[in-house]
Amino acid sequence: MKFVDRIEETSRLSEALERETPALVVVYGRRRLGKSTLIKRVISEHDVYFLADRSEGEHQRLLLANMFSQIFPDFDKLSYPDWESILLAANYRTENKFTLCLDEFPYLVEQSPELPSVIQKLIDNKELKYNLILCGSSQNMMYGLFLDATAPLYGRADELMKLSPLRLPFIEEALGLDSVNAVEEYAVWGGVPRYWELREHRNSLDQALWKNVFSANAPLYEEPVKLFQDDIKDIVKTSTIMSFVSVGANRLSEIAARCNEPATNLSRPLKKLIDLGFLERETPFGIDEKNNKKSLYKISDPFLAFYYQFVVPNRSFIELGRRLPIEGELKSQFARYVGMQWEKMCRDAVTGNIVNDVIFGKAGRWWGSVINEDKKPEQIELDVVSESLDKKYLLVGECKWTNQENGRQLLAELTRKGKLLPFAANKIIMPVLFLKSKPLDADEFQMGDNGGSIILPKDIMKLS
């Protein structure tokens with residue numbers, strides 16, 4: 001697959017390795033994000049790339065010595081009783097600065113807990129003559145090794161890079177899609193390059209789903225377990241929580257009731273899932289994010305959201321190779337599922353961006369009770385709400401992933417709801433329709449009509 005984005009990460013990594021003095025670079029992030037690919041694009045044939053496994057430390061040093069022998073002849077002819085000896089041996093053999101990458105560094109630390117202290121000593125004494133890249137997928141361990149103030153390597157990294165999923169527009173470029181199909185595919189695969197690679201080998205989204213997901217032998221059929229095992233001990237409880245959240249248990253009390261546990265028992269596993277980027281806690285726009293009573297939990301990763309909605313409930317059919325029930329569910333629910341992901345894409349696109357010549361801050365969703373024009377309580381929900389940085393404008397948005405919408409009717413209702421918001425006083429309401437396609441009345445509907453506008457997938461690609 002074509003290598004896309006990662007421009008900033010590539011630049012930072014290259015600059016760190018090109019400095020006059022040796023650098024310690026740390027690269028981490030969840031599995032499948034392309035950390036190793038990024039590193040391999042930057043290092044040269046004169047550098048050493050070593051992928052660790054879970055074998056014993058002595059065996060790992062033997063394997064590393066074999067890799068060193070590619071640039072230092074006969075390096076593997078000697079034995080190295082500890083990590084300090086092999087790392088210093090490379091010092092003695094080199095005349096020019098090179099780069100050593102230890103990929104899946106947490107595996108090495110599992111077998112040799114002393115290794116971080118060994119590296120700390122070599123760095124503090126300025127003994128290393130070469131760059132060192134430490135890379136890992138266990139977010140908890142990498143965080144603990146380098147960002148915990150009590151850890152030996154805390155504060156030693158010259159560059160500390162956490163890779164995040166790729167943004168929406170790059171799936172359009174990588175897979176050669178139009179903007180509508182890009183939104184639908186991103187709703188399934190998210191911003192994970194490895195998933196894009198698997199998709200690229202198939203002729204269509206439908207074929208990719210059956211070959212890569214909806215089969216007992218598919219490469220992504222057990223994907224959540226592979227993701228969780230890097231950082232979570234109780235995978236069963238984690239998967240149970242994710243399943244309940246996916247079917248609508250979004251409040252802490254609801255999740256606790258489904259799990260048959262006190263809510264206090266769930267605070268740590270929920271926080272861990274949020275820290276790892278698998279769950280998110282959502283509060284209505286303008287409400288303190290720490291407000292537990294108003295908070296809703298949602299699956300934040302698109303692929304996991306898709307998996308828990310369409311794979312988990314259909315495991316029995318998948319194991320038996322029964323396609324019809326799954327095809328029926330996809331046909332009836334897929335557009336609705338994409339619509340939920342489309343809402344998040346639109347909020348992300350608005351955040352910190354210029355819409356109709358106005359710069360807006362962080363966008364969120366709002367739901368709650370208001371007093372309407374008839375002086376009666378009314379429950380309303382708005383898909384996108386954002387305040388301009390100058391506090392003058394309030395953007396309110398409606399997101400639809402359907403065709404044949406009536407633009408004027410949607411805009412009128414959206415404007416009405418926007419004016420009812422408790423924080424709308426003294427704000428200029430800017431209604432925006434985020435639509436899959438142009439509305440039925442597109443010929444009559446002007447982009448700036450009544451202060452409102454229509455934003456389509458192609459526009460979201462430019463904003464994202």
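Going by the structure above, here's the rest.
All of the points below concern the structure found in this document. (Residues numbered from 1 in each chain as written. Predicted model: local features only at pLDDT ≥ 70, side-chain atom pairs only at ≥ 80, totals over all residues. Heavy atoms only, no water.)

### What about the state of the cysteines?
The condition that has to hold: Note on terminology: disulfide denotes any pair of cysteine sulfur atoms within 2.5 Å.
A full pass over the atoms with the stated rule returns zero disulfides. Take cysteine 346: it sits in no disulfide, and the sulfur closest to it among the cysteines is that of cysteine 399, at 4.0 Å.

### Brief notes about the packing of aromatic side chains
Convention followed: The rule is short: rings of Phe, Tyr and Trp, with Trp giving its six-membered ring, pair when the centres are within 6.5 Å, and they are stacked under 30 degrees, edge-to-face over 60, tilted in between. Helix and strand assignments follow DSSP, with helices taken as H or I runs no shorter than four residues and strands as E runs no shorter than two, numbered in order from the N terminus. For every residue, the accessible area (1.4 Å probe, protein chains only) is compared with the maximum for its type, and the residue is labelled buried under 20%, exposed over 50%, or partly exposed between those bounds.
Counted according to the given criterion, the structure contains 22 aromatic pairs. Taking 4.8 Å as the distance between ring centres and 25° as the angle between the ring planes, the aromatic pair formed by phenylalanine 98 and tyrosine 130 counts as stacked. Here the residue phenylalanine 98 occupies a position in the loop between helix 4 (83-93) and strand 3 (99-103), and tyrosine 130 occupies one in the loop between helix 6 (115-124) and strand 4 (131-136), the gap between them amounting to 32 residues. A single burial state applies to phenylalanine 98 and to tyrosine 130, both of which are buried. For the pair tryptophan 189 and phenylalanine 303, a centre-to-centre distance of 6.3 Å together with 10° between the ring planes defines the contact as stacked.

### Considering the side chain of arginine 30
Going by this rule: The term polar contact refers here to a pair of N or O atoms within 3.5 Å; inside protein, the definition further demands a hydrogen-donor-capable atom paired with an acceptor-capable atom, and it admits residues adjacent in sequence only when both atoms are side-chain atoms. Contact criterion: two residues are considered in contact whenever any of their non-hydrogen atoms come within 4.5 Å of each other.
In this structure, arginine 30 sits in the loop between strand 1 (24-28) and helix 2 (35-42). With a relative accessible area of 7%, arginine 30 lands in the buried category. Of the polar contacts made by the side chain of arginine 30, one reaches the side chain of aspartate 301; its length is 2.7 Å. Setting aside residues no more than four positions away along its own chain, arginine 30 makes contact with Lys35, Ser137, Gln139, Val192, Tyr195, Leu227, Phe278 and Asp301.

### Observations concerning the nonpolar core
Generally speaking, soluble globular proteins have nonpolar side chains that are buried together. Note the threshold: By nonpolar core is meant a set of buried Ala, Val, Leu, Ile, Met, Phe, Trp, Tyr and Cys residues that side-chain atoms within 4.5 Å join together.
With 97 residues, the main nonpolar core has Trp189, Trp196, Phe214 and Phe434 as its most contacted residues. Counting residues per element, this core draws most heavily on helix 18 (residues 324-350), which supplies ten residues. Dropping the residues within four chain positions of it, phenylalanine 214 is found in contact with Leu209, Phe306, Phe310, Val311, Ile318, Ile326 and Leu330. Tyr28, Ala65, Leu88 and Leu108 belong to the second-largest nonpolar core, a separate cluster that totals 37 residues.

### What to know about the packing of helix 9 (residues 179-189) against helix 10 (residues 193-200)
Applied cut-off: Only the stretch in contact is used when fitting a helix axis, every axis being a line fitted to C-alpha atoms; angles between N-to-C directions are given from 0 to 180 degrees. Angular relationships are summarised with four words: roughly parallel below 35 degrees, roughly antiparallel beyond 145, roughly perpendicular across 65 to 115, and oblique for the angles in between. Handedness of a crossing follows from how the near helix is turned relative to the far one, being left-handed for an anticlockwise turn of less than a right angle and right-handed for a clockwise one. Charged residues are taken to be Asp, Glu, Lys and Arg, nonpolar residues to be Ala, Val, Leu, Ile, Met, Phe, Trp, Tyr, Cys and Pro, and polar residues to be all remaining types, Gly included.
It is at 10 Å that the axes of helix 9 and helix 10 come closest, and there the two elements cross at 120°. It follows that helix 9 is oblique to helix 10 by the angle criterion. Regarding helix 9 and helix 10, the two cross each other, and that crossing is right-handed. Here Glu185, Tyr186 and Trp189 of helix 9 come into contact with helix 10, specifically with Tyr195, Trp196 and Arg199. Partitioned by chemical class, the residues of the contact of helix 9 with helix 10 number four nonpolar, no polar and two charged.

### What about unusual backbone geometry?
The phi dihedral of asparagine 260 is positive, around 60°, even though this residue is not glycine. Within the secondary structure, asparagine 260 is located in the loop between helix 14 (252-259) and helix 15 (267-275). Positive phi outside glycine occurs at asparagine 356, with the angle close to 50°. With respect to the helices and strands, asparagine 356 occurs in the loop between strand 8 (354-355) and strand 9 (358-359).

### Observations regarding the pairing of strand 3
What counts, and what does not: We treat two strands as partners when DSSP finds at least two bridges between them.
Extensive coverage of strand 3 is indicated by the burial of five of its five residues. On strand 3, burial covers both faces: Thr99, Cys101 and Asp103 on one face and Leu100 and Leu102 on the other are all buried. Bridge analysis of strand 2 (residues 48-51) against strand 3 gives four bridges, and the strand direction is parallel. Counted as the bridge partner of phenylalanine 50 is leucine 102 from strand 3. The pairing of strand 3 with strand 4 spans four bridges and is classified as parallel. Counted as the bridge partner of cysteine 101 is isoleucine 133 from strand 4.

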